[in-house]
Amino acid sequence: MGLTEKLNPPPPHFFAMSIAVEMINITKSFPGVVANDRINFVVKKGEIHGLLGENGAGKTVLMSILYGLYRPDEGQIFVNEKEVQMDSPATAIKLGIGMVHQHFMLVPSLTVAENIILGREPKKNKVLLDTNKILSDIKDFCDRYRLEVDPKASVYTLPVGVQQRVEILKALYRGADILILDEPTSVLTPQEVEELFKAIRALKNQGKTIIFISHKLKEVLAICDRITVLKRGKVAGIVKAGETSPGELAEMMVGREVVFTFEKKRAESDEVVLRVEGLKALNDRKLPALKGVTFEVRKFEILGIAGVEGNGQTELVEVLMGLRESTAGNIFLDGTNITNMSPSERIALGISHVPEDRHKRGLILDFSVMENLILGRHNKSPFTKRWIMLNFDKASNFAKGLIQEFSIKTPSEDAPARHLSGGTQQRVIVAREFSRKPKLIIASQPTRGLDVGATEYVRKKLVEMRDQGCAVLLISADLDEIWALSDRIAVMYEGEIVAIKDAGKTSELELGLLMAGGKRE
Amino acid sequence: MNEEKQRSNPKAGQLLREILARLGSSLRGIMPEIIAIIVAFLVGGIALLATGHSPIDAYGAMIMGAFGDVFGIGQTLTQATPIIFTALSFLFASKCGLFNIGAEGQLLVGGFAAALIGISFNNLPIFIHLPLALLAGALAGGLWGFIPAVLKAKLGAHEVITTMMLSYVAFYVTGYMVNYPFKAPGWVAQTVIIAPSAQLPRILQPTQLSASIFVAVILVGLTYYTLEKTTLGYEVRAVGLNPTAAESSGISVKKGMILALVISGALAGLGGAGEVLGVHRRFIEGFSPGYGWDGLAVALIGRLHPVGVLFAAILFGALRSGGMVMTRATGVPLDIIFMLQALVVLLIAAPRMIRYLLKRGGFKW
C-alpha cells in the first residue's frame, strides 16, 4: 500500500454508525488476579472513546489484548465487524490498530523521520534509503494531521510532548485507523496536553477512531465522546461525556464518593523547620539549575512549589536530600546547618522524602515489600542484631504493621515490590517515609501516575502529617494538587523562586502567569 | 500409643510427599542446565565420532575417571576447589552490580602473598603460620579488588577494564617475582617450598585434594549468609539492584561498591592461597590454567547462587579431571574437554550473561 492511499481517509461521517472495535466477554486471568472479568467493550467508528479506571482496573490489559500482546482466556474480538484472532501486534497493525505506549518505543539517536519509517523504509533501487521521498512523505503526513514536528531532528533532542507526536505519527504511518493512546498525558505539561488534545481532535476529524486510556477524570471529560469505566476488572459503566460529571465518574471508578478538597485544621506556628538561603546548583549538563533559591517551611505548614517541570525542581529536591552538590548557599534544618551532610545524616535528622520517580529513586523493585519498608533503617535498631545481622523477625513484624496501617494491597510482606500496582508501590514509599516520624517531608510529584483512589489517599496522608506538626514541602507540576493542599505557594521559574503567595490570597490565573515567567516580583 | 502412631503416620507421609515435591520442583528448576549439559555432550559425541573415536568409550573413561573411584573424586574436587573461590568472587561483586572479571589476577597475587608468608617464617606454629598465610592471600586479593573499586568510586573508571588490566599486572608482577627475586634454584620459575607449618594438609592421599576445599565450602555458606542475612549483604544487594534508590535512602553507593569488590578480590585471593598452600606447596609461574575465567562461567552456570556455584564448579572440576583420564585411556585429545566446557558455557551461561548485561542497562565501556 502506497503512502498516498493511506493519506486519503474516508470522510468523517462515512461510517458514523458502524462499529470499529467490539470486544465481547473478554476474560483474562493472571496468577492470583482476574485482570479482565467478562468485559464487553464497544468503540464506534470515528469516536474518541475514553477507557477510565484506577491503576490495576484492567485498562492496559484489555488494550494489550486488543493489540495482540496478550491472548484472552475467553471472549471474542471483532474489528470492523469481523471476528479476528488477535495473536500478535503484527496482526493488530495489519488490521489498522496502532498503539502509543506510556513509555515511548523510539530510538533516541535516530531522527524523527528515521524513527517513523523504521521497519517500513521506502527504498531506492531496493537497497538505498530514499531519503528525499521519506522527508517529503513525512512532511505531507505532518501537515495532514496537523502534527508539527521537524523530521530531521534527532529524537533525543525533543521534548517529551514532541516525542509523543512522533509515536503517533509512527502508528499512523503504519496505517492505523484505530489509535490506542495509553495514559498519553501522564508525561506532559499542561501546555503539551492542550497540544495533544488539538491533535486528537484533528485525527477525529480525519475519520480516525481513538481509544484514550486514562485515570484522569478531567481529561477524559474534556476530550472523549463516550467513556467506558472499569473497576477491578469489570465494566462499571458506559456513559456519554456530555451526560456525566466528575463526581459520578469518580464514584463509578472507586465505588464510593471521592474527596477532592481537604479539611485542614487551623494550626499556625512561627517555628521554622527548613530554611534555604541563596541555594545554587548545577544540573547534569553543568548548567546553572538553581540560581539562588531562598524560602522557609514552618511547622504545621504545607509549602507548595508550583512550576512547569524542568525549572529546577528536581535539582532542588536532590540538593535538599544531599544527592546533588550545591555550589552556594545554605540549608538549615531546625537551625542546624545541613548543607554538607550526607543523605543518611539528613534522614537521621528527620527528613523524609517521597521521590518523583518511584521506580528509580523510591523503591528497589526486586526487593520484597518488607525489604523496601526497612530501606534506610536496616542498619539501625531494632532491625539489626549482633552488630551485623538483619533481624528478620522484627523487620517482618514491622512490615506487617505498616501493611495494615497503610492498607498496602500485597499478597504478603515477602512479595516483590515489582508485582504491585503503581498506587500500591507509592503506598509502600509513603508508609516507609511517614512512619519515620519526620520533622520535614519533601514530597515530589507524590501522586504522579496514581489513580483517583491512591491520589486521594496520598494527599490525605500529607495533610494528616501537616496537622500533626510536620513541615511539608510539596513539589508538583499539577496545579490542582498545589491548590488543594498548600498553605503557601511558591512559584519556581528558571531556577528561581519568583513569588511566594498565601494560598488564600492568589488566583490560578496569577499563578499560571507566574509559572509561565510572565510576571516577576 | 496406637492412636499416636496413626496420627504420626499421615504426618510422615505428608512430609515425604512434600520433600518429593520440593525435589521435583528443584529438578524442574535446573532443567535448562541439565538439557544444556546433555546437548553439549551430544555435540561433543558427534565431534568424537567425526574424529574417529568412540564417544561411549571416551565418555565412559571420562566419567569413570572423574567419579569412578576415590582417586577420581579426589582429583575432581581438587580441580573444582579454586573455581569455587573464583566463582564466589565473581558472584559477590555481581550482587553489587559490578562485573569483576579480574579474579585471575586476584588469585595470582593472593597465591603469591601466601607463598611469601609461607617461605618467610620457619619456626612459627602451624595454628599461627597457616592462618597468617591464608590471611595474606585474602588481603592481597582484597587489595587487588580495592584498586579498581577506588578507581570506579572516585573517577568512574569501568571495573571491566580496570580489573582485567590489573590481571595482566598481577600476571607479570608475580612472574617477575618468581623469575628473579624469589626464584628457587633450578630452571623452573617458582619459589622454594613453603614451610610445613604453612601447608594446608592433604586430606585424600595420594590425590592433591587439600583442606582448601573445606575453606571453599565454608565460604559458600558464608557468602550466602552474608548476602542474605546481614546488613552488609542487604546494602550490597540494594546497590546492585538500584543504586539510585539505595543512595536516596542514605546507603553509600561508593562504600558498598568498594566493600563488594574488596570482598570479591579477597575470595579469589584465598583461592590462590589455597592452591599454593595446599596443592603446589610453592608459587609456580602459570600455576593457574585460567581458574579466574572458569569462575566467571561457573558463577553464571550456578545462577549466581552460592550453592549453584558449588555444583557448577564440581561439574567443571569433573570435566578437567575426567578429561585427563580420558586422554590417557583413549588418546582423545584434551581439547575435546575444552570444547565441552565451552559448549556448556555457550548453552547456559552466554544467554544468561547477555540477559544480565541487558538488565544492567547495557554494557557501557
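None of the values given here were measured: they were computed from a predicted structure.

Here we take up the overall build of chain A. A count of helices and strands for chain A gives 18 helices and 24 strands. Against the 2.2 N^0.38 benchmark of 24 Å for 521 residues, chain A shows a C-alpha radius of gyration of 25 Å, consistent with a compact globule. In terms of overall dimensions, chain A has C-alpha extents of about 70 × 50 × 50 Å along its principal axes. Classification of the 521 residues of chain A by burial places 45% in the buried group. When contacts within chain A are restricted to residue pairs at least 6 apart in sequence, those whose partners lie at least 24 apart make up 68%.

A few words now on the overall build of chain B. Per the secondary structure count, chain B includes 14 helices and zero strands. Counting from the amino terminus, helix and strand elements in chain B follow one another as α-α-α-α-α-α-α-α-α-α-α-α-α-α. Taken over C-alpha atoms, the radius of gyration comes to 22 Å for chain B, in line with the 21 Å a tight globule of 365 residues would show. When each of the 365 residues of chain B is scored for burial, the buried share is 49%.

Attention now moves to the sheet that holds strand β17 (residues 336-337) of chain A. Residues and elements named next belong to chain A. Taking strand neighbours across the sheet as the criterion, the four strands line up as β14-β13-β16-β17 in an open arrangement whose pairing is antiparallel. On the outer flanks of this sheet lie β14 (288-298) and β17, each paired with one strand and no other. Across two bridges, the pairing between strand β16 (residues 328-333) and β17 is antiparallel. The residue bridging L333 from the neighbouring strand is T336, located in β17. Running at roughly 65° to β14, helix α10 (residues 313-321) makes contact with β13 (272-282), β14 and β16 of the sheet.

A few words on the packing of helix α4 (residues 70-95) of chain B against helix α13 (residues 306-330) of chain B. Geometry of a packed helix pair, given as the angle between the helix axes and the separation of the axes. Residues and elements named next belong to chain B. Between α4 and α13, whose axes approach to 7 Å, the crossing angle comes to 140°. In this view, α4 runs oblique relative to α13, as classed from their interaxial angle. α4 and α13 meet at a crossing whose hand is right-handed. Listed contacts from α13 to G72, Q75, T76, L77, Q79, A80, I83, I84, A87, L88 and L91 of α4 are P306, V309, L310, A312, A313, I314, F316, G317, A318, R320, S321 and V325. Across the contact of α4 with α13, the residue classes break down as 16 nonpolar, six polar and one charged.

Residue and element names in this part refer to chain A. Model confidence for chain A is summarised by a mean pLDDT of 86, while 92% of its residues fall at 70 or above. Low confidence marks residues 1-7, where pLDDT is under 50. Its contacts with residues over four positions away, or in another chain, come to six contacts. With pLDDT under 50 throughout, residues 10-15 is counted as low confidence; its partners more than four residues away or in other chains account for ten contacts.

Pairing between the strands of a sheet is mediated by backbone hydrogen bonds and can be parallel or antiparallel. All names here are of chain A. The strand order β6-β9-β10-β3-β11-β12 describes an open sheet built from six strands, whose pairing is mixed. Strands at the two margins of the open sheet, each flanked by one partner only, are β6 (97-100) and β12 (234-240). Strand-to-strand twist in this sheet, taken as the mean axis angle between neighbours without regard to direction, amounts to 20°. Note that strand β3 (residues 48-53) and strand β10 (residues 209-214) share five bridges and pair parallel.

Residues and elements named next belong to chain A. Summarising the element assignment, S245 is placed in the loop between β12 and α9 (246-254). S245 sits in the exposed class, given 11 other C-beta atoms within 10 Å. Placed 149 residues apart in sequence, S245 and K394 show a C-alpha to C-alpha distance of 48 Å.

Another aspect to go through is the interface of chain B and chain A. In this complex, chain B contributes 14 residues to the contact, which on the side of chain A involves 22 residues. Elements represented by at least two residues in the side of chain B that touches chain A include exactly α9 (231-241) and α10 (243-248) of chain B. The element that contributes the greatest number of residues to the side of chain B that touches chain A is α9 of chain B, accounting for five residues. Each residue belonging to the side of chain B that touches chain A can be placed in one class, and the counts come to five nonpolar, seven polar and two charged.

Before going further, it helps to examine helix α5 (residues 131-145) of chain A. Because the α-helix completes a turn every 3.6 residues, residues three or four places apart line up on one side. Residue and element names in this part refer to chain A. Its 15 residues give α5 an end-to-end C-alpha distance of 21 Å, which sits within 8% of 21 Å, the value for a rise of 1.5 Å per residue. Those residues of α5 not exposed but buried are D137, I138, F141 and Y145. Projection of α5 onto a plane perpendicular to its axis shows the buried side chains occupying an angular sector of 95°, all on one side. Exposed residues pointing more than 90 degrees away from the buried face of α5 are listed as N132 and D143.

In this section: the domain arrangement of chain A. All names here are of chain A. Taken as a whole, chain A is organised into domain 1 (3-254), domain 2 (260-350 + 442-521) and domain 3 (359-437). Here domain 1 and domain 2 have C-alpha centroids that lie 35 Å from each other. Contacts between domain 1 and domain 2 engage nine residues on the former and nine residues on the latter. No other element matches α9, which puts three residues into the side of domain 1 that touches domain 2. Looking at the side of domain 1 that touches domain 2, its residues break down into four nonpolar, four polar and one charged.

Counting residues in hydrophobic clusters, the biggest one holds 170 residues, and the most contacted among them are L474 and V491 of chain A together with I84, A87, V309 and A313 of chain B. Residue contributions to this core peak at 14 residues, all from helix α11 (residues 253-280) of chain B. Residues lining this core come from more than one domain, with at least three contributed by each of domain 2 (260-350 + 442-521) and domain 3 (359-437) of chain A. Non-local contacts of I84 of chain B, meaning those with residues more than four positions away in its chain, are made with A216, V220, V309, L310 and A313 of chain B. In terms of nonpolar packing, the next biggest core, distinct from the first, is built from 69 residues, M23, I26, V220 and I223 of chain A among them.

Residue and element names in this part refer to chain A. Sheet topology places strand β1 (residues 19-30) next to strand β4 (residues 74-79); five bridges connect them, and they run antiparallel. Note that in β4 the partner of V21 across the bridge is V79. Taken together, β4 and the strand that follows it, strand β5 (residues 82-84), pair antiparallel across an intervening segment of two residues, in which N80 is found at a positive phi of about 50°.

The subject of this paragraph is the pairing of strand β24 (residues 496-502) of chain A. All names here are of chain A. Taken together, the six bridges between strand β23 (residues 488-493) and β24 define a ladder with antiparallel strand orientation. The partner of M492 across the bridge, within β24, is I497. Count of turn residues in the β23/β24 antiparallel hairpin: two residues, of which E494 carries a positive phi of about 45°.

Rules and cut-offs
Residues numbered from 1 in each chain as written. Chains lettered and ligands numbered in written order. Predicted model: local features only at pLDDT ≥ 70, side-chain atom pairs only at ≥ 80, totals over all residues. Helix = DSSP H or I, 4+ residues; strand = E, 2+ residues; numbered from the N terminus. Rg over C-alpha atoms; globule rule 2.2 N^0.38 Å. Buried ≥ 20, exposed ≤ 12 C-beta atoms within 10 Å, placed from the backbone. Contact = placed C-beta atoms within 7 Å. Pairing = 2+ DSSP bridges. Axes fitted to C-alpha atoms, helices over the stretch in contact; angles between N-to-C directions. Parallel < 35°, antiparallel > 145°, perpendicular 65-115°, else oblique. Left-handed = near helix turned anticlockwise from the far one by under 90°. Nonpolar A, V, L, I, M, F, W, Y, C, P; charged D, E, K, R; others polar. pLDDT = per-residue confidence, 0-100. Expected span 1.5 Å × (residues − 1). Arc of directions from axis to C-beta. Domains from an automatic or database assignment. Core = buried A, V, L, I, M, F, W, Y, C linked by C-beta atoms within 7 Å.

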